[in-house]
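Structural overview for review
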Protein chains: 2
Amino acid sequence: MPYRRTENVVRRLAARREAIMQAAGALAAEAGIAAVQITPVSRRAGVATGTVYRYFPSKDELVGALVHDVAEREIGAMRRAADAAPGPLSALAAAITTYAARALGSRKLAFALIAEPADAADDARLAFRAALAAELGRRVSAAVQAGLLPGQDIAVAAPALTGALIEGLIGPLAADARDETGTRDAVQALTLFALRGLGVADARARGLVVGTTVPGRERGG
Amino acid sequence: MPYRRTENVVRRLAARREAIMQAAGALAAEAGIAAVQITPVSRRAGVATGTVYRYFPSKDELVGALVHDVAEREIGAMRRAADAAPGPLSALAAAITTYAARALGSRKLAFALIAEPADAADDARLAFRAALAAELGRRVSAAVQAGLLPGQDIAVAAPALTGALIEGLIGPLAADARDETGTRDAVQALTLFALRGLGVADARARGLVVGTTVPGRERGG
DNA sequence: CCAAGGCGTGAACGCTGGCTCACTTCTTTC
DNA sequence: GAAAGAAGTGAGCCAGCGTTCACGCCTTGG
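What you see is a predicted model; the values in this text were computed from it and never measured. (Residues numbered from 1 in each chain as written. Chains lettered and ligands numbered in written order. Predicted model: local features only at pLDDT ≥ 70, side-chain atom pairs only at ≥ 80, totals over all residues. Heavy atoms only, no water.)

**Some words on the overall build of chain A**
Across its full length, chain A carries nine helices and zero strands. The buried share of chain A, reckoned over its 221 residues, is 52%. Put simply, 45% of the contacts in chain A that link residues at least 6 apart link residues at least 24 apart. Entry remark: accessible area of chain A is about 10,200 Å², with carbon and sulfur atoms responsible for 51%. (Helix = DSSP H or I, 4+ residues; strand = E, 2+ residues; numbered from the N terminus. Buried < 20%, exposed > 50% of the residue type's maximum accessible area, 1.4 Å probe, protein only. Contact = heavy atoms within 4.5 Å. Areas by Shrake-Rupley, 256 points an atom, 1.4 Å probe, with all protein chains shown as cover.)

What follows is the structure in structure tokens.
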């Protein structure tokens, strides 16, 4: 029975697989997920396009493996930092700062995968988000200047607020299919989160967070 | 000089343009931006594909116009609600609740445009986000159960927190190219925002928010 | 050194989807 | 009703990109 993979070959195969994933990661870091295309990846990894398919059954699986790796590494770092903290609250703080520090430090490496790519195609969506952030930022600024909120970096607060609103209610993570009261509760919870984040200590007591009625659509569809 | 557009024709043209944009919006609402393709849009609008190009020079412009419309409408609603409020803080609260209520009420209509589509292709990214949210949610739960945070709906808080972290630092809205101290400040500001949002009244006093050193990369690229 | 068979290759295939254009149809003006 | 030209049409073109496959090379076991 001729040919059985020797230890050396196994290593070489693993190295190639690794090279392919590295190439994919580099491309993602430089130009977003959309830039992870088989031909560029293979060229960058120094192999032929067909070779990629010896290691990954499809492009989706390649990307999946890449994201999985990165996620494991990043979340692992958060977890380690949190577990080393003395209590639940500082664990939370440690997780957050770890995330934040790593996001900024290796932004292009790891986090291109969760952030929107700078794709020309969806400039439009970014414009919407930006407009939202701008509007909210103006309001926050006004409240700060009126002395109703603590001073803060609007360039951080406005996007963070926008992100919380998007992800908290309409993003893919948000649980949908809530009933009527569930909806009201969610809106309240999110509003509370947002206002507290901005520095309102007692939004409820001040009557800022109240029940909301979901308005009907203004335009058909 | 034969043929000059009569008033009636102008109206018909405007109506067609509107029909095309409505069709595009409906498709976006039902299946995400990726589903806004010329052929389906034209079919839905009851015109030929070529006709679409009589009204919009390219698909990107069509999508752009659509998003612009929606953004104007939604942000307009926020602004009106805010302007009707008695003070800056309740203006802010009004803007947020208006956003939230509309997002939930007409989610499929308007906000499919800023949320990620349920595209099968980028399942991977969602997985990352979901893992992040799960990890953070666990930590928040632990802190709540330890009595260190006020009770809250984790299903809202975790995604909101995740969104704030993503958009606040690595999203396309976040100002990049910060210097070293700017980075530290941003991390601090975001951590403060996040912890306050979760209900920590005095994160700074408790020593939870401290200076951070951005760690080096753990893996090349 | 030979047989066996995995591994590497890259040109080519096929599908998808944006866009065009030669042609028809409709509208206005005279 | 005829000329002029705008508006509508949709089959087809073209580019990008994921995927395949027939072939040659290399490694292994005998």
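**Overview of the protein's contact with DNA strand C**
Around DNA strand C there are 26 residues in total, and A:Arg5, A:Arg16, A:Thr51, B:Thr6 and B:Lys59 lie nearest to it. In DNA strand C, atoms within 4 Å of the protein come from the sugar-phosphate backbone in 72% of cases. A distance of 2.6 Å separates a phosphate oxygen of DNA strand C from a polar atom in the side chain of A:Arg5. In this structure, a base oxygen belonging to DNA strand C sits 2.9 Å away from a side-chain N or O atom of A:Arg54. Elements supplying a minimum of two residues to the surface near DNA strand C: helix 1 (7–31) and helix 3 (49–55) of chain A together with helix 1 (7–31) and helix 3 (49–55) of chain B. (Near = heavy atom within 4 Å. Polar contact = N/O pair within 3.5 Å; in protein donor to acceptor, adjacent residues only side chain to side chain.)

**Remarks on the relation of the copies chain A and chain B**
With an RMSD of 0.1 Å, the fit of chain A onto chain B corresponds to turning through 180° and sliding 0.0 Å along the axis. Taken together, these values place the two copies in the relation of a two-fold axis. Taking the C-alpha atom as reference, chain A places A:Gly197 closest to the rotation axis, 1.8 Å from it. A share of 100% of the interface residues of chain A reappears at the interface of chain B, consistent with the copies meeting face to face through the same patch. (Least-squares fit on C-alpha atoms with pLDDT ≥ 70 in both.)

**Quick notes on the protein's contact with DNA strand D**
If you check the shell around DNA strand D, you find 25 residues, and the closest are A:Thr6, A:Gln37, B:Arg5, B:Arg16 and B:Thr51. Take the atoms of DNA strand D that sit within 4 Å of the protein: sugar and phosphate atoms are 73% of them. When residues of the surface near DNA strand D are traced back to their parent elements, those giving at least two are helix 3 of chain A together with helix 1 and helix 3 of chain B. With five residues, helix 3 of chain B is the largest single contributor of residues to the surface near DNA strand D.

**Thoughts on the interface of chain A and chain B**
On the side of chain B, 109 residues touch chain A, which itself brings 109 residues to the contact. A combined buried area of about 10,200 Å² lies between chain A and chain B, and 71% of that area is made up of carbon and sulfur atoms. Counting every contact that joins chain A to chain B gives six salt bridges. Here B:Arg139 makes a salt bridge to A:Asp83, at a shortest N to O gap of 3.0 Å. (Buried area = accessible area lost by both parts, 1.4 Å probe. Salt bridge = Lys/Arg side-chain N within 4 Å of Asp/Glu carboxyl O.)

**Quick look at the nonpolar core**
Most often, soluble globular proteins have nonpolar side chains that are buried together. One finds A:Tyr99, A:Leu161, A:Ile170, B:Tyr99, B:Phe128, B:Leu161 and B:Ile170 to be the most contacted residues of the largest nonpolar core, which totals 137 residues. If one sorts the elements of this core by residue count, helix 5 (residues 88–105) of chain A sits on top with eleven residues. In this structure, B:Leu161 is in contact with A:Ile96, A:Phe193, B:Leu136, B:Val140, B:Ala194 and B:Leu198, ignoring residues within four places of it in sequence. (Core = buried A, V, L, I, M, F, W, Y, C linked by side-chain atoms within 4.5 Å.)

**Remarks on the environment of B:Gln22**
Here B:Gln22 shows up in helix 1. Spatially, the C-alpha atom of B:Gln22 lies 8.9 Å from that of B:Val41, the residues being 19 residues apart in sequence.

**Overview of the pattern of salt bridges**
Residue and element names in this part refer to chain A. Overall, the coordinates contain 16 salt bridges over all chains when judged by the stated rule. One salt bridge in this structure joins Arg 138 and Glu 135, with 2.8 Å as the shortest N-O distance. Of this pair, Arg 138 and Glu 135 both sit in helix 7 (residues 123–145), three residues apart, which is roughly one turn of that helix. Looking at Glu 135, the relative accessible area reads 1%, which means it is buried. Note that Arg 139 and Glu 135 form a salt bridge whose closest N and O atoms lie 3.2 Å from each other. Placement of both Arg 139 and Glu 135 in helix 7 is noted, with a separation of four residues, approximately one turn of the helix.

**Notes on the packing of helix 8 (residues 154–170) of chain A against helix 5 (residues 88–105) of chain B**
At a minimum axis separation of 10 Å, helix 8 of chain A and helix 5 of chain B run at an interaxial angle of 30°. Accordingly, the angle class assigned to the pair helix 8 of chain A and helix 5 of chain B is roughly parallel. For the element pair helix 8 of chain A and helix 5 of chain B, the recorded crossing hand is right-handed. Taking contact as the criterion, the partners of A:Leu161, A:Leu165, A:Ile166, A:Leu169 and A:Ile170 in helix 8 of chain A are, on helix 5 of chain B, B:Ile96, B:Tyr99, B:Ala100, B:Ala103 and B:Leu104. (Axes fitted to C-alpha atoms, helices over the stretch in contact; angles between N-to-C directions. Parallel < 35°, antiparallel > 145°, perpendicular 65-115°, else oblique. Left-handed = near helix turned anticlockwise from the far one by under 90°.)

**Description of the packing of helix 1 of chain A against helix 4 (residues 59–83) of chain A**
Residues and elements named next belong to chain A. Orientation of helix 1 relative to helix 4, taken along the N-to-C sense of each, is 85°, at an axis distance of 10 Å. The pairing of helix 1 with helix 4 is recorded here as roughly perpendicular in orientation. Every residue of helix 4 that contacts helix 1 at Arg 17, Ile 20, Met 21, Ala 24 and Gly 25 is listed here: Leu 62, Ala 65, Leu 66 and Asp 69. A breakdown of the residues in the contact of helix 1 with helix 4 according to their chemical character gives six nonpolar, one polar and two charged. (Nonpolar A, V, L, I, M, F, W, Y, C, P; charged D, E, K, R; others polar.)

**Let's talk about the confidence of the model for chain A**
Of all residues in chain A, 86% attain a pLDDT of 70 or more, and the chain-wide mean is 85. Within the model, the stretch residues 213–221 of chain A combines pLDDT values under 50 with 19 contacts to residues more than four positions away or in other chains. (pLDDT = per-residue confidence, 0-100.)

**Regarding the environment of B:Ala34**
All names here are of chain B. Here Ala 34 shows up in the loop between helix 1 and helix 2 (38–45). Overall, Ala 34 belongs to the partly exposed group, its relative accessible area being 37%. Separated by 52 residues in sequence, Ala 34 and Pro 86 place their C-alpha atoms 42 Å apart.

**Brief notes about the environment of B:Val41**
Residues and elements named next belong to chain B. Relative to the helices and strands, Val 41 resides in helix 2. Expressed as a C-alpha distance, the spacing of Val 41 and Leu 190, which sit 149 residues apart in the sequence, is 41 Å. Those residues within four positions of Val 41 in sequence are excluded, and the remaining contacts are Ile 20, Ala 23, Ala 24, Leu 27, Val 36 and Leu 62.

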